[in-house]
Amino acid sequence: MRAQFVLSEIRVGLRRNLTMTFAVIISVALSLALFGGSLLMSDQVNQMKGYWYDKVNVSIFLCNKGDAESDPNCAKGPVTEEQKKQILADLHKMSVVEKVQHESQDEAYKHYKEQFGDSPLASSLTPDQLQESFRIKLKDPEKYQVIATAFNGRPGVQSVQDQKGVLDNLFRLLGYLNWAAGAVMAVMLVVALLLIVNTVRVSAFSRRRETGIMRLVGASGFYIQAPFIMEAAVAGLIGGGIACVFLAGGQYFVIDHGIALSDKLQLINFIGWDAVLKKLPLILAVSVVMPGLAAFVALRKYLKV
Amino acid sequence: MIRFDNVSKVYPKQTRPALRDVSLEVERGEFVFLVGSSGSGKSTFLRLILREERASHGQVHVLGKDLGRVSNWKVPQIRRQLGTVFQDFRLLPNKTVGENVAFAQEVIGKSRGEIRKSVPQVLDLVGLGGKDERMPGELSGGEQQRVAIARAFVNRPKLLIADEPTGNLDPQTSVGIMKLLDRINRTGTTVVMATHDQNIVDQMRKRVIELEKGRLVRDQARGVYGYQH
């Protein structure tokens, strides 16, 4: 195989179908940018889950004196030592529970002070206004409901709270976004593939003289097909390169600088460059292989060998 | 060199066979004219030799290979030993004469040195020495056909297939082309030439195979174009 011959054929072919090549590049770039974006998004969700889920506790808040007057759940008065013992014993009996910590009113006051510091509300607060609680670490954070059904409405229990409930909505939203990106990606991918098939068809037609002669003088099927496949692969690679630039640009301008989400949303632990860089080789590989395969399949139909 | 054993060819969606039960043999070094009116099966005959089509029945042997049993990916190996010339030359208009000839070697992976040596040689052989920088459009029809013959012959095929090579040329130019084909034949290359050119067939006095409606109706050594009715 003479590399120079093939290269010049590819160059000529790409230039001949300039508009079509351009369309292929753009659709490949968009579909792969979305592909990479949705990969990164699921990385982000995993990262956030890792960050929060470690700290998630189911909390059982117990009635204090104030609740006994105002909260219907606590109509039977503040929690008694007997009730606390019973709850603790029951918790230890449950197989989903990994660890139970008791937070007294004093401890709650201390944590509250740590978190909210010198805010006006904190300064007027006294420990006996806060609730005693059991902070429970579960073996499987998804099993929150088991605790909730067991302890909600029990005497002395004001409420059972699942910290991850709030986050679930966020994750669900990100999940939807990911699905939407996936759907758009699928459509763009189909568009890219159709464009490639059409490009190959046009290309095969405009080069039928050459391929006809190649066939007659006994060029191998691979030699005849290689320029077409390489053409698609090169266009795909350019598209893949652009997709990589999009992703790197997204990380740079949206997360690190520019919009700088990482500064504005400091509670969220954003993915770093390592996650982005890890995706790029995959995207480049897909950008070469997928159009190449599409061209190969198209050639079976449009190029007699 | 070529052997047809009871070969029939029926194209899909056609009831009438293009070739019916044709059996014949062409020996190494022969020069054979293939004659017959349009639609008689000449083109199908040539396409079967080139393995552009497969026989519906019977066997086609070319260069000792049963083409019905040759797998698709081995076909190029066989075609490299065949040269092909057409009525419409089929040159690449955007390549020079030299590049057109070199193309046939490039695409089968011949080395640059080999190409540089053999292209001028074969252009000399067809009488176009020194014209390798010209574009096909600048040449006369006869010269273009010589380029096509040079391209067909540059890989030194054992068999040259010519499908009405003089069909677009005036009688005088045709004589020149025939002389060239004769010279190639004398180097030991078998030539099979389909033609409508009565004068040429009558003058050359070579073996004549006549097809009519797909049947072999005449196979005559040192024959003429047609019987006088």
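These remarks concern the structure in this document. As the structure is a prediction and not an experimental result, all values here were calculated from the model. (Residues numbered from 1 in each chain as written. Chains lettered and ligands numbered in written order. Predicted model: local features only at pLDDT ≥ 70, side-chain atom pairs only at ≥ 80, totals over all residues.)

**Regarding the sheet that holds strand β2 (residues 19–26) of chain B**
Residues and elements named next belong to chain B. Put simply, the rule reads: Two strands pair under a simple rule: DSSP has to find at least two bridges between them. Strands here mean DSSP runs of E at least two residues long; helices mean DSSP runs of H or I at least four residues long; both are numbered from the N terminus.
An order of β2-β1-β4-β5 is seen for the four strands of this open sheet, with the pairing classed as antiparallel. A single partner strand is all that each edge strand has here, and the edge strands are β2 and β5 (65–66). Sheet topology places strand β1 (residues 2–9) next to strand β4 (residues 57–62); five bridges connect them, and they run antiparallel. Bridging across to β4, serine 8 finds its partner in histidine 57.

**Re the packing of helix α5 (residues 141–153) of chain B against helix α6 (residues 171–186) of chain B**
Residues and elements named next belong to chain B. Quick reminder of the rule: Axes, fitted as lines to C-alpha atoms, cover a helix only where it is in contact. Angles between the N-to-C directions of the axes lie from 0 to 180 degrees. For classification purposes, an angle smaller than 35 degrees is called roughly parallel, one larger than 145 roughly antiparallel, one from 65 to 115 roughly perpendicular, and anything else oblique. Left-handed describes a crossing in which the near helix is turned anticlockwise from the far one by less than a right angle; the clockwise case is right-handed. Note that contacts rest on C-beta atoms placed from the backbone: two residues are in contact if these are within 7 Å. Following the grouping adopted for this structure description, the nonpolar residues are Ala, Val, Leu, Ile, Met, Phe, Trp, Tyr, Cys and Pro, the charged ones are Asp, Glu, Lys and Arg, and the polar ones are all others, Gly among them.
Closest axis-to-axis distance for the α5/α6 pair is 10 Å, and the angle between their directions is 15°. Taken together, α5 and α6 sit at an angle that is classed as roughly parallel. Between α5 and α6 lies a crossing whose hand is right-handed. Across the interface between the two elements, Gly141, Gly142, Gln145, Arg146, Ile149 and Phe153 of α5 pack against Thr173, Gly176, Ile177, Leu180 and Ile184 of α6. Looking at the contact of α5 with α6 residue by residue, the class counts come to five nonpolar, five polar and one charged.

**What about the packing of helix α3 (residues 97–106) of chain B against α5 of chain B?**
All names here are of chain B. Here α3 crosses α5 at 30°, and the two axes come no closer than 8 Å. When the axis of α3 is compared with that of α5, the two are roughly parallel. As for how α3 packs across α5, the hand of that crossing is right-handed. Counted together, Val97, Asn100, Val101 and Ala104 of α3 and Val147, Ala150 and Arg151 of α5 form the full contact between these two elements. Here the contact of α3 with α5 is composed, by residue class, of five nonpolar, one polar and one charged.

**So, unusual backbone geometry**
All names here are of chain B. Heads up, the condition is: Around each residue's C-beta, the other C-beta atoms within 10 Å are counted; 20 or more make the residue buried, 12 or fewer make it exposed, and counts in between make it partly exposed. All C-beta atoms are placed from the backbone.
Phi at asparagine 6 takes a positive value of approximately 45°, unusual for a residue other than glycine. Here asparagine 6 is to be found in strand β1. Residue classification places asparagine 6 among the exposed positions, given that 12 C-beta atoms sit within 10 Å. Backbone geometry places lysine 13, a non-glycine residue, at a positive phi of 65°. With respect to the element layout, lysine 13 can be found in the loop between β1 and β2. For lysine 13, a count of 5 C-beta atoms within 10 Å translates into the label exposed.

**Digging into the nonpolar core**
The nonpolar side chains of soluble globular proteins are, as a tendency, buried together. Defined as follows: We call a set of buried Ala, Val, Leu, Ile, Met, Phe, Trp, Tyr and Cys residues a nonpolar core when their C-beta atoms link them within 7 Å.
Judged by nonpolar contacts, the single largest core of 109 residues is most densely connected at Ile196 of chain A together with Val101 and Ala150 of chain B. Per-element accounting of this core gives the leading share, 12 residues, to helix α10 (residues 221–256) of chain A. Every residue in contact with valine 101 of chain B, bar those within four places of it in the chain, is listed here: Val119, Val122, Leu123, Val147, Ala150, Arg151 and Val154 of chain B. In this structure, Phe61, Tyr144, Phe151 and Val160 of chain A belong to the second largest nonpolar core, which totals 16 residues.

**Here we look at helix α9 (residues 208–216) of chain A**
Those residues of α9 of chain A lying buried are Thr211, Ile213, Met214, Arg215 and Leu216 of chain A. Of the residues one or two after α9 of chain A, glycine 218 of chain A is the one with positive phi, at around 90°.

Everything listed is a geometric property; what it means functionally is a separate question.
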